[in-house]
Structure formats: C-alpha cells, structure tokens
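Overview (structure and organization)
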Amino acid sequence: MDLYQVRYFLTIAETGTFSRAAERLYLSQPSLSAGIKKLEQELGVALFERGGRRTVLTAAGQAFKERATVIMAQYQAALHELKGFNDRPTLKVGVLSTLRVSELAELVHSFQQQYPHVTLELYDHPADSLQDKLTQGEIDVAITVLGPQDDAQTSTLLFTQPLLLAVPVRHPLAQRTSVRLAELDGQPYIDRVNCEFFKQECQLLEAQKICPQVVYRASHEEWVISLVKAGLGLSVMPYWRGLADIVYLPVVDIDFQRRVGIKWRLQCSQVVEQFCRFATSHNWESMAG
C-alpha cells in the first residue's frame, strides 16, 4: 500500500465521486480508478459501492477510512517535523571531561530556553583533544582551559579555579587548614587522568620521592568527587563550591590554578556567536574559585 493510494481513497470518500476526486488530484479518472483497484486488491476487500451518482463506502471502506485518516495525519506530522530540521541549526559543543556535568546542564538548559530552535550536540574530551577537534572543525566551540597563547579574538575567560587537595570529611587531614605535598606519601590517592596538570603533578611527586598509594584512576570529575565522598581516597582537583562531605585544603608546595574559557574558530556562524555571548554572561559562581 502506497501513500498515494491512501490519498486517492480519502479524496474520493470526501468528494463523493471519482470524477470530482480526479479533478482535485489533477489526475485522469482512469488513473485514479486504477490506483483504487490496486489498493482494493491488496486489501482483499471492496472499498466503494460502484454505480449511482455518488460513490458510497462499503462497510470495509468505512473501517478503512478511520485507519487511512490516521495514516495521513501521521505522515503529515512526520513531514512537518522533518522539514523543521532544515530550520534548526546544530551546534557542536566540546567540553572538558574535568568539568562537572551538573553545572554544564544548567548552562545547556538555560540556553535552550532562550534559543529553543538550536539543537545542541555535546562532546566531552581532555583539553588537547578539544583543541584538535576545534581546529579540524569537528566541533564548533570548546569550553576548555585557556593558556597564555590563546587569542582574544577567538577565546574568552569564563572563570578561574584553584586546584586544592580534596579529602573526605572524616579523614584526619580534614581538620587541618593546609597540607604539604610530602604528606600525600602513602595516602590512598585518586588520579584524575585527564587533569590539565597531571604531568606536572607526577613530575613534582617523583622529584620529591613522594609516593601516594594510587587506589583509583578516573577520567571524569563526577567519578572523582563520588570516590572522595565515599572516603576511598584523596585527590588534587579543582575547587567546587557547595560539595557536602568533602573538605578542600591548600597544598602549600604547589600553586595550580586553571583558567576555563570558551574557544571558537575565527570564521564562525551566528549561532556560535549567540552561544559564546550566552556562555560569557552565564553565572559561573558555583564553578569559580
């Protein structure tokens, strides 16, 4: 059964005659009759009572009319929805895997309320991968760490965060106001493998012969937070406001601070400009140190 046959059937049922239906459909009457005959053969029933001035639906035709009306309505709805895709720009946003999902969800939710016609695609990656994907055009914008080499024409700062030692609230160190790097020696430790300072941290620990007991390695921030909360280890990580069951302590030997911003390519679309302006005006207080 083809959609054109369903359309033929409904038009005949509405106009009451094959001749009027043919005129409305801009068809010859023989072509219309052939289409209906093929439909009746496929369904195995007669849909119309032939003869007389008006074409009358059979009992089977009346039952099929209800189904045919639903079929055409669903087709029109699908057609309308798919046509709308041409008017819905897609924005591919890359985000650091060391950012909290809950905070990014607030940004996405607020943006979609203001720009409901834009479809967002979100990708999380480490900073190096984000830069590569942005350069190659695989993403349109990147929420990532900024360095001194980043151009003000294609990037802007969103917030800064210090990296501190996160300890479970019941850990003995939680009573302190600061710690030294050497005090991590032998402590159960959670490596943030996508940390922007991971190599520097490893070099510092190795230089001072400090050996934390690495019990977990995690690639996403939410995993690290959950593991620390559960009392399974310590971790040097960005300061996040409002976390229960975690105490942050400065490490006096190190001064890691990351600058998180948004980056785009020089030639960008209007929707990229809209997103960048929106991200810049977003309230990042819960992320800022």
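See above for the structure.
Below, the structure is looked at part by part. (Residues numbered from 1 in each chain as written. Predicted model: local features only at pLDDT ≥ 70, side-chain atom pairs only at ≥ 80, totals over all residues. Heavy atoms only, no water.)

Our focus in this paragraph is the side chain of Ser235. Structurally, Ser235 is set in strand E9 (residues 235-238). Within polar-contact distance, the side chain of Ser235 engages the backbone oxygen of Ile190 at 2.9 Å. Excluding anything up to four places from it in sequence, Ser235 contacts Leu164, Leu165, Ala166, Tyr189, Ile190, Arg192, Val224 and Val228. (Helix = DSSP H or I, 4+ residues; strand = E, 2+ residues; numbered from the N terminus. Polar contact = N/O pair within 3.5 Å; in protein donor to acceptor, adjacent residues only side chain to side chain. Contact = heavy atoms within 4.5 Å.)

The next point concerns a nonpolar patch on the surface. Taken together, the side chains of Met1, Leu43 and Val45 define a hydrophobic patch exposed on the protein surface, amounting to about 220 Å² of accessible area. Within the secondary structure, Met1 sits in the segment before helix H1 (3-15). (Patch = residues over 30% accessible without salt bridge, like charges linked within 9 Å, V, L, I, M, F, W, Y side chains within 5 Å. Areas by Shrake-Rupley, 256 points an atom, 1.4 Å probe, with all protein chains shown as cover. Salt bridge = Lys/Arg side-chain N within 4 Å of Asp/Glu carboxyl O.)

Formed by 45 residues in total, the largest nonpolar core has its most connected members in Ile143, Ile262 and Phe275. Discounting residues that sit within four places of it in the chain, Phe275 has contacts with Leu91, Val93, Leu107, Phe111, Val141, Ile143 and Ile262. (Core = buried A, V, L, I, M, F, W, Y, C linked by side-chain atoms within 4.5 Å. Buried < 20%, exposed > 50% of the residue type's maximum accessible area, 1.4 Å probe, protein only.)

All chains considered together, the criterion is met by zero disulfides. Free of any disulfide, Cys268 has its nearest neighbouring cysteine sulfur in Cys276, separated by 6.4 Å. (Disulfide = S-S within 2.5 Å.)

So, on to the environment of Gln161. Mapping Gln161 onto the fold places it in strand E6 (residues 155-168). Along the sequence, Gln161 and Tyr239 sit 78 residues apart, while their C-alpha atoms lie 6.2 Å from each other.

In this section: the environment of Phe197. Turning to its location among the elements, Phe197 is positioned in the loop between strand E7 (188-192) and helix H7 (198-207). Distance from Phe197 to Gln257, taken between C-alpha atoms, is 9.2 Å for residues 60 residues apart in sequence. Ignoring any residue separated from it by four or fewer positions in sequence, one finds Phe197 in contact with Leu163, Phe256, Gln257 and Arg258.

Let us now look at unusual backbone geometry. Unusually for a residue other than glycine, Lys209 sits at a positive phi of about 55 degrees. With respect to the helices and strands, Lys209 occurs in the loop between H7 and strand E8 (213-218). At Asp245, a position not held by glycine, the phi torsion is positive, near 70 degrees.

What follows is about the packing of aromatic side chains. For any pair of aromatic rings, geometry is given as the distance between the ring centres together with the angle between the planes. Scanning the model with the defined rule gives ten aromatic pairs in all. Relative to Phe64, the ring of Phe9 lies with its centre 4.9 Å away and its plane at 65 degrees, an arrangement referred to as edge-to-face. Taken as a pair, Phe9 in helix H1 and Phe64 in helix H4 (residues 59-84) lie far apart in primary sequence, 55 residues in all. Each of the two residues, Phe9 as well as Phe64, counts as buried. Members of the aromatic cluster, connected to one another through ring pairs, are Phe9, Phe18, Phe48 and Phe64. (Phe/Tyr/Trp six-rings, centres within 6.5 Å; stacked < 30°, edge-to-face > 60°.)

Here helix H9 (residues 270-281) spans 17 Å end to end across twelve residues, near enough to the 16 Å set by a 1.5 Å rise per residue. Looking only at H9, the buried set comprises Val271, Val272, Gln274, Phe275, Cys276, Phe278 and Ala279. Against the buried residues of H9 lie strand E3 (90-96), helix H5 (101-114), strand E5 (141-145), E6 and strand E11 (257-264). (Expected span 1.5 Å × (residues − 1).)

Where H1 contacts helix H3 (residues 29-43), the axes come no closer than 9 Å and their chain directions differ by 110 degrees. Classed by the angle they form, the pair H1 and H3 counts as roughly perpendicular. Seen from H1, the contacting residues are Tyr4, Gln5, Tyr8, Phe9 and Ile12; seen from H3, they are Ser31, Leu32, Gly35, Ile36, Lys38, Leu39 and Glu42. Looking at side-chain class alone, the contact of H1 with H3 contains seven nonpolar, three polar and two charged residues. (Axes fitted to C-alpha atoms, helices over the stretch in contact; angles between N-to-C directions. Parallel < 35°, antiparallel > 145°, perpendicular 65-115°, else oblique. Nonpolar A, V, L, I, M, F, W, Y, C, P; charged D, E, K, R; others polar.)

The first and last C-alpha atoms of H1 sit 18 Å apart over 13 residues, in line with the 18 Å expected at 1.5 Å per residue. Residues of H1 that are buried include every one of Gln5, Val6, Tyr8, Phe9, Leu10, Thr11, Ile12, Ala13 and Thr15, and no others. Trailing H1 by a residue or two, Gly16 shows a phi angle of about 90 degrees, which is positive.

A separate point is the pattern of salt bridges. All chains considered together, the criterion is met by ten salt bridges. Here Arg24 makes a salt bridge to Glu14, at a shortest N to O gap of 3.1 Å. With Arg24 in helix H2 (residues 18-25) and Glu14 in helix H1, this pair connects stretches of sequence that are ten residues apart. Note that Arg217 is salt-bridged to Asp191, the shortest N-O span being 3.5 Å. Of this pair, Arg217 sits in strand E8 while Asp191 is found in strand E7, placing the two residues 26 residues apart along the sequence. Classification of Asp191 as buried rests on a relative accessible area of 9%.

With respect to the element layout, Trp264 can be found in strand E11. Separated by 108 residues in sequence, Trp264 and Thr156 place their C-alpha atoms 9.4 Å apart. Residues contacting Trp264, with those up to four places away along its chain left out, are Leu134, Asp140, Val141, Gln153, Thr154, Ser155, Thr156, Val272 and Cys276. Among the polar contacts listed, one links the side chain of Trp264 to the backbone oxygen of Gln153, at a separation of 3.2 Å.

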